[in-house]
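Structural overview for review
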Amino acid sequence: EHAILRTERGLVNELIQALSQTRLLADVSLESLQGMAHRFEPLELSGGETLMRQGDAGNDLYLLLHGRLRAYVQRDDGSEFAVGEIGPGESVGELAILLEGPRSASVRAVRDSSLVRLSREAVDELLQSDPKMIMGLVKDIVRRARQSQSGAPNLKSVSTVALVAAGSRGAPKEFCEGLLSALSIHGSVACVSAAERSNLGDVSRRDLTRWLHALEAEHDFVIFLADEGPTDWTRLCLRQADRVLLVASVGESAELNAVEESLLSGSQGESLAHQDLILMQPTEGRFTGTAAWLAQRKVGAHHHIRRGNTADFERIARILTGKAVALVLSGGGARGLAHIGVVKAMAELGIPIDAIGGVSMGSIMAAQVAVGWPWQQMLKASRALFIEHRPMSDKTLPLVSLVRGKRIEAALHSGFGESRIEDMPLSFFCCSSNLSKARLKVHDRGRIDQAIRASLAIPGVLPPVPFEGDLLVDGGVLNNAPVNIMTARFDGAVILSDVGQDTPPGVDPGATFLPGGWSLLWHRLWPFGKAPNAPGIVDILYRTAVLGSTETAARMRELASLCVRPPVANFKTLEFEPVAEIVERGYEGSLAPLSKWWAEHRK
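The following refers to the structure shown. (Residues numbered from 1 in each chain as written. Predicted model: local features only at pLDDT ≥ 70, side-chain atom pairs only at ≥ 80, totals over all residues. Heavy atoms only, no water.)

Quick look at the packing of helix 15 (residues 375–388) against helix 22 (residues 579–601) now. Packing of helix 15 against helix 22 brings their axes to within 11 Å, and their N-to-C directions diverge by 135°. Accordingly, the angle class assigned to the pair helix 15 and helix 22 is oblique. Considering the relative orientation of helix 15 and helix 22, their crossing is right-handed. Together, Leu379, Arg383 and Ile387 of helix 15 and Val579, Ala580 and Val583 of helix 22 make up the contact between the two elements. (Axes fitted to C-alpha atoms, helices over the stretch in contact; angles between N-to-C directions. Helix = DSSP H or I, 4+ residues; strand = E, 2+ residues; numbered from the N terminus. Parallel < 35°, antiparallel > 145°, perpendicular 65-115°, else oblique. Left-handed = near helix turned anticlockwise from the far one by under 90°. Contact = heavy atoms within 4.5 Å.)

In the structure shown here, the tally under the stated rule is 0 disulfides. Sulfur of Cys431: no disulfide; nearest cysteine sulfur belongs to Cys430 and is 6.8 Å away. (Disulfide = S-S within 2.5 Å.)

With 10 of 10 residues buried, helix 14 (residues 361–370) lies mostly within the body of the structure. Among the residues of helix 14, Met361, Gly362, Ser363, Ile364, Met365, Ala366, Ala367, Gln368, Val369 and Ala370 are the ones counted as buried. (Buried < 20%, exposed > 50% of the residue type's maximum accessible area, 1.4 Å probe, protein only.)

Attention now moves to the sheet that holds strand 6 (residues 80–86). Pairing is antiparallel in the open sheet, where 4 strands are placed in the order 3-8-5-6. Pairing within the sheet leaves two strands with one partner each, and these edge strands are strand 3 (50–52) and strand 6. Between one strand axis and the next, the sheet turns by 30° as a mean value, whatever way the strands run. With 2 bridges connecting them, strand 3 and strand 8 (residues 106–109) associate as antiparallel partners. (Pairing = 2+ DSSP bridges.)

At a closest axis distance of 11 Å, the pairing of helix 14 and helix 15 adopts a crossing angle of 140°. The angle between the axes of helix 14 and helix 15 places the two elements in the oblique class. Between helix 14 and helix 15 lies a crossing of right-handed hand. Facing helix 14, whose interface residues are Met361, Ile364, Met365, Gln368 and Val369, helix 15 presents Met378, Ala381, Ser382, Leu385 and Phe386. Among the residues making up the contact of helix 14 with helix 15, the classes are represented as 8 nonpolar, 2 polar and no charged. (Nonpolar A, V, L, I, M, F, W, Y, C, P; charged D, E, K, R; others polar.)

Under the defined criterion, the tally for this structure stands at 2 cavities of 30 Å³ or more. In this structure, the largest cavity occupies an estimated 140 Å³ of space. Lining the largest cavity are 13 residues, and of these Met361, Met392, Leu456, Ile458 and Phe576 lie nearest its centre. Its residues assigned to classes, the lining of the largest cavity shows 10 nonpolar, 3 polar and no charged. Of the voids in this model, the second largest cavity is the one considered here, and its volume is about 30 Å³. What lines the second largest cavity is simply Val158, Ser159, Val161, Leu183, Phe221, Leu320 and Thr321. (1 Å grid on protein atoms, 1.4 Å probe; cavity = no way out; pocket = protein on both sides within 12 Å on 5 of 7 lines; lining within 4 Å. Points joined across faces, edges and corners; volume = space filled by probe spheres on them.)

Another aspect to go through is the packing of aromatic side chains. For the structure on display, the rule yields 5 aromatic pairs. The interplanar angle of 5° and the centroid separation of 4.5 Å between the aromatic rings of Phe386 and Phe576 together place this pair among those described as stacked. In this pair, Phe386 is assigned in helix 15 and Phe576 in the loop between strand 23 (562–564) and helix 22, connecting sequence segments 190 residues apart. Of the residues examined, Phe576 reaches a relative accessible area of 7% and is grouped as buried. Residue placement shows Lys344 over the ring face of Tyr587; its charged tip is 4.3 Å from the ring centre. (Phe/Tyr/Trp six-rings, centres within 6.5 Å; stacked < 30°, edge-to-face > 60°. Lys NZ or Arg CZ within 6 Å of the ring centre and 35° of its normal.)

Moving on, we get to the sheet that holds strand 12 (residues 221–225). One open sheet holds the 6 strands; their spatial order is 11-12-10-13-14-15, and the pairing between them is parallel. Edge positions in the sheet fall to strand 11 (189–192) and strand 15 (301–306), since each of these pairs with one other strand and no more. Going across the sheet, the axis of each strand differs from the next one's by a mean of 25°, ignoring polarity. Bridge count between strand 10 (residues 160–165) and strand 12: 4 bridges; the pairing is parallel. Each residue of the ladder has a partner; that of Leu163, found in strand 12, is Leu225. Here helix 6 (residues 172–183) sits on the sheet in contact with strand 10, strand 11, strand 12, strand 13 (243–249), strand 14 (274–281) and strand 15, set at roughly 175° to strand 12.

Here's what the structure looks like:
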């Protein structure tokens, strides 16, 4: 049972003021709210406590004043998945009230939360006294319907963060200093530890809650610095956090410490907040050993922070505040070289890249960005990879594919070695298509070269890649512009660079059949006279491979915050020789839209 807190006379005005800031009641007059004050029932939820269960009768509507809630929907097999989060000022349960039906989802408190409950009778009374509330209900329902249709989870930016040591010797205090400075760019920040709590003395839960609410009201962000052990203060930090950051010092033991084992592991953990792993790295050198840290922890993401590197701390601050920028690079064969021009334009405009993903040719370009290469190095490496090494030249008897794929494998290994995705300085993923199971495979762990090799395996051109008994082929077969993968794991703006378009294959209007291979070869050897208008086998295979994902790509363009489409459709799939021209097309075709978008987004 929830502990219902009876509204005290001295708190009525404070409660009414808070309710007037909610989306649902923003248009309702203060007079109407004051007249209904006796119908509002405040309640407190502890972090992890359930507010409602899917299928229960929908007899009440709730308004969240402080804290954070998360909604879950049950699958047919009984498991649950999160469908969105509810932040301060939002309502819960309005659909069941209007339709007089059961709850469509279960809702739990991510952290300690303060709400107000309205019974069905109270809602009816309020609707009759002030019909403007109907508009609030409609706006909330429409907004959530649009969010559901977009396919992206309804994530909320962070206002409270708990810093917890990870491993045998974490570094939360060191990280706190850098984060405090980076977050201050986006608003006022308070960092509180057990010392500030002890200054309050022995206070009631009501007074402690009011102190915590005052901290959030007075600052845009609050950082809770947990103790090294599983103390009451550490528990309070975890229950107050929108996000838990596990801060580790690379070079120390990756074994779970007492706080991680007792408060953050398993289904009975102290917090439902998303946990991210922060790996404090040396100022120079390559990152290694990340897999050992991830193997023992269930975290939503991990981030590498170089000690003293301001840019790294600012990247984390943007990610926490929902102001980060991610880049997704589509497939497109040689047309994908235009992505280098897009990266050049973003660097010139000062647009950060805080996370990156790609598919097919876009996976190579994305990996180069993720390891920290500037666009000039990307251009140099791509010229060496696709022109000097000629990776598609090892033709073979076409029983499985036209190309053996050994040269491309050697070239990728030469560029990335045996480096792993999880050790990349920047968050990265690429996609392939599981030919055996007919579903998309997202690569965010393991060898970089092996993931890319699977992502660009155009069926019929390159052989499929064996993976745990299945066969993987080009990711563009199922999704040639995986914006939805990025939005599902990233709270911020997502830019899509789409070069998947090509000149649709066609023939002369009067043609009734395509010329044979010998005829096409003759015209190549004897260039006099008019050559037949016929697409090559590689272009036909590529077009066939991505044909089924055409509608998906269109939806991904709509889902992106910005979609740039460099004018490179006239280049063929394996036409790598004009690399400089393709890169320049990418730069010139993206500079203006990126500049316009960035001017608005920065505001």
